[in-house]
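# Analysis of the macromolecular model
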Amino acid sequence: MVAIRSEITRILQSLTEPHPDITDPDERARARLLGWMVLGSFSVQMLTLVIFALIGWLPIRNPEATPLSISIASMFVTYAIWRRGYWRLAGFVLIVFGGSILFLHVLITGQPTIGALKFSVLIILFTAIIYSTRQAVYATLVISVIILLIPLINRGIVMQLVISQELVYVLVFSLLIIVAMAFRERLEDERRQRLQVSETRYRMISDMMSDYAFGCFIRNGRVVVDWMTEDAFKRLSGYDWKDIEQGGLHTIVHPDDVADMLDAITPVLSGLPSENEFRLITRDGKTRWINVIRTPILDTKTGKPTYFYGIGTDVTNYRKAELDRIETERLKAEVEKERQLNEVKNKVMMTISHEFRTPLAQIRTATDLLEGHFDRMTPERRHDRLTTIRSSVGTLTDLIGEIAAMMQNAFNPLPLHLEPVLLNDLIQHVVGAAEVRSGGSHQITYDPPARALGPVLIDRRQYTRAVENLVNNAIKYSPAGGLIRITLVEKNGQLELAVSDSGIGIPEEDQANLFTPFFRGRNSDQFPGTGFGLTIVKDCATMHGGSVSVCSTIGKGSTFRLIVPHRVPEKPHHPDQKDT
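What this report covers is the structure whose coordinates are included nearby. (Residues numbered from 1 in each chain as written. Predicted model: local features only at pLDDT ≥ 70, side-chain atom pairs only at ≥ 80, totals over all residues. Heavy atoms only, no water.)

## Structural notes on the overall build of the protein
- Helix and strand content of the protein: 18 helices and twelve strands.
- Residue pairs in contact within the protein that sit at least 24 positions apart in sequence constitute 64% of those at least 6 positions apart. (Helix = DSSP H or I, 4+ residues; strand = E, 2+ residues; numbered from the N terminus. Contact = heavy atoms within 4.5 Å.)

The structure is reproduced here in structure tokens:
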């Protein structure tokens, strides 16, 4: 039932909604009221004619029904004219037809009836709605004269009394209608004056606070400009508003911004405020950035937007300042990056000159001894010198690897490249290489996960380098014969690699900066290194979406934990396999 009532209401509103070209609120109200009255009268008279036809009282057989038929025809013609938007003409036609039908009714019947009286009052009401109370007074006088002429057609004392009585009815009803309409017009005039004062005040404020302001009607999804602060708009664009009103504002908007400007109106049609910026091309060819804020006004009954106000502000200078700020920040970032790169270069050179000196000196000393005293050395002494050379070469290799990684990350960092990797095999390979390099000087153990791991998606190059740095640091900072324990566990979708040593430990105050490039603990000066190895570990964890942490005690050793997500490659789906 509610749905049927809503549908009937929607149909009636569409039938009585004035033409979109009627934009003035007062005129639309009058036109809508006229539409309701014409449609209502037409419906009632059609129903009356149908009832007459059912009881056999047709116009052909009874001439008294002829005015009713003509009245229906006049209502139909009037509604057709009204639908075209000519509502004043429709009202005039209705009045002419009504007066003619009233006179015709009197000629045919010889007396005014209650129907004629009601129709007279209806004509007066239409006149007051369409024009004004003054014209309604004229209509009342004309109808009264017509009624007074009736005795000339049919003389008689009784008829004169009936006419006098109905004339009094007409005059009383007309007076009430005129007084009501006069009161309504007075209220409308006061409302219109208040609105005009409000709009004048709004335009003055807009002229002082913004570049231009405007108001628009919303009719059936269409936007019709009601007013514009033309002087302010001309100062901004160089155009008179009347020169571009017909084509619309979009005719002087930058072609790339037209779609965005039109899209910004869509929320307003739904009753929501909107704001956007677009470029406007002025008459002298310059480009100005305009910020427009639109605020809709909702109908108190339907809740739908019927009007909206807008303020346009020239933000060209702000835009230019914003672009200058962005460019300045970009230049500052480039300068800062260049400074950081220069700092990296200087630290690399200092690291090379400092860290390479000791292993190179050891290699030179060992080779000099072998070259000068080879024949007098025992095999054990020769082996010791060769071991020294091999160890120094390993140290240089590690240093070069760290420096290369450091330069790579600083100047041209590589993106993450995930590929299926057997993690157990990778870690065992790193452990085996570390054992060879250390010459068996440390006990290195590896505990794989309790549950066998399949292929894991990681960046092989980065993860290998991270594990190498953790294992090499454990060997470097642990005494000969010390225990290096490596474990890998899988829990909660994460892979945790832990590397524990029994070395010198890390002071608590140094642990916060441990993963900073070039930082080295205060108790590590006697050990070679660049201070970049743990930075490589942290970068690996960050790029994989994981983390790295340390737990250390002075004199007891350290444990580093590298955690990365446990990603597994998708299984290939073969077309001949069925999903189960």
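That covers the picture; the talk isn't over yet.
## Concerning unusual backbone geometry
- For Asn220, which is not glycine, the phi dihedral falls at a positive 55°.
- Locating Asn220 in the fold gives a position in the loop between β1 (212–219) and β2 (222–228).
- The exposed category is assigned to Asn220, whose relative accessible area is 58%.
- The backbone of Asn492 shows a phi angle near 55°, a positive value even though the residue is not glycine.
- With respect to the helices and strands, the residue Asn492 is situated in the loop between β9 (483–491) and β10 (494–500). (Buried < 20%, exposed > 50% of the residue type's maximum accessible area, 1.4 Å probe, protein only.)

## So, the sheet that holds strand β5 (residues 305–314)
- Judged by pairing direction, the sheet is antiparallel, and its five strands sit side by side in the order β2-β1-β5-β4-β3 without closing on themselves. Of all strands in the sheet, those with a lone pairing partner are β2 and β3 (274–281), marking the two edges. Ignoring strand direction, the axes of neighbouring strands in this sheet form an average angle of 30°.
- Sheet analysis places β3 next to strand β4 (residues 287–298), joined by eight bridges and oriented antiparallel. Pairing of Arg279 across the sheet is with Trp289, part of β4. (Pairing = 2+ DSSP bridges. Axes fitted to C-alpha atoms, helices over the stretch in contact; angles between N-to-C directions.)

## Some points on the pairing of β4
- If you look at the hairpin formed by β3 and β4, you'll find five residues sitting between the two strands, and Gly285 has a positive phi there, around 85°.
- By the bridge criterion, nine bridges tie β4 to β5 in an arrangement that is antiparallel. Bridge pairing links Val292 to Gly312 in β5.
- Two successive antiparallel strands, β4 and β5, enclose a turn made up of six residues, where Gly303 displays a positive phi of approximately 75°.

## What about the sheet that holds strand β12 (residues 557–565)?
- Read from one edge of the open sheet, five strands run β7-β9-β10-β12-β11, paired in mixed fashion. The sheet is open, and its two borders are formed by β7 (443–447) and β11 (547–553), each paired with just one other strand. In this sheet, neighbouring strand axes are inclined to one another by 15° on average, regardless of whether the strands run parallel or antiparallel.
- Here β9 runs beside β10; their pairing, made up of seven bridges, is antiparallel. Across the sheet, the residue bridging to Glu490 is Leu495, located in β10.
- Most of the contacts of helix α16 (residues 423–438) go to β7, to which it runs at about 175°, and overall it touches β7, β9 and β10.

## What about the nonpolar core?
- Counting residues in hydrophobic clusters, the biggest one holds 37 residues, and the most contacted among them are Ile427, Tyr463, Ile486, Leu497, Phe560 and Leu562.
- The element contributing the most residues to this core is helix α17 (residues 460–476), with seven residues.
- Those residues in contact with Ile427, other than ones at most four positions away along the chain, are Tyr446, Ile486, Leu488 and Leu497.
- Counting 22 residues, the second-largest nonpolar core is a separate cluster that includes Cys216, Met228, Leu249 and Ile252. (Core = buried A, V, L, I, M, F, W, Y, C linked by side-chain atoms within 4.5 Å.)

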